Amino acid sequence: MNFIINAAIQLLPIGDTTNKIAIIDKAIALIAESGLIYKVCPFETVVEGPSEKVYELIRRIQESTLTNGCPELLINIKIHAATRDLFIQDKLEKY
């Protein structure tokens, strides 16, 4: 199954990192470059797309962060998946 899913991704750099905001900005740039629909929020970025592409993006964020100056990280992920496509806009339209 490769339905459209939503994932809330929160990256928390750990350790002796000089500029944690720059590391987070690089992760958001990877999300933007992915071509997936996304919304940057104060504590996390929400992504919408085919499950395979979303999971691949999470892996790329992890690898890129660890190989570009961040010795350790936490990634908090919330995933909403179903046997149908799920869209961010459907969750927000009443607001």
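Here, the structure is the one placed above.
These figures come from a predicted structure and were not determined experimentally. (Residues numbered from 1 in each chain as written. Predicted model: local features only at pLDDT ≥ 70, side-chain atom pairs only at ≥ 80, totals over all residues. Heavy atoms only, no water.)

> Looking at this model, I keep getting lost on helix H2 (residues 51–67). Mind explaining?
Three or four residues apart is the spacing at which side chains of an α-helix point the same way, because the helix has 3.6 residues per turn. With 17 residues, H2 should cover 24 Å at 1.5 Å per step; its first-to-last C-alpha distance of 24 Å lies within 8% of that length. By the burial criterion, the buried members of H2 are Ser-51, Val-54, Leu-57, Ile-58, Ile-61 and Thr-65. Summarising the axial view, the buried residues of H2 lie within an arc of 125°, below the 170-degree limit, and thus occupy one face. Along H2, exposed side chains directed more than 90 degrees from the buried face belong to Glu-52, Lys-53 and Thr-67. Close packing links the buried residues of H2 with strand E1 (4–14), helix H1 (20–33), strand E3 (45–50) and strand E4 (72–80). (Helix = DSSP H or I, 4+ residues; strand = E, 2+ residues; numbered from the N terminus. Expected span 1.5 Å × (residues − 1). Buried < 20%, exposed > 50% of the residue type's maximum accessible area, 1.4 Å probe, protein only. Arc of directions from axis to C-beta. Contact = heavy atoms within 4.5 Å.)

> Can you help me understand the side chain of Ser-51 in this one?
Residue placement: Ser-51 occurs in helix H2. In this view, Ser-51 contacts Met-1, Asn-2, Phe-3 and Ile-5; residues no more than four positions away in its chain are not counted.

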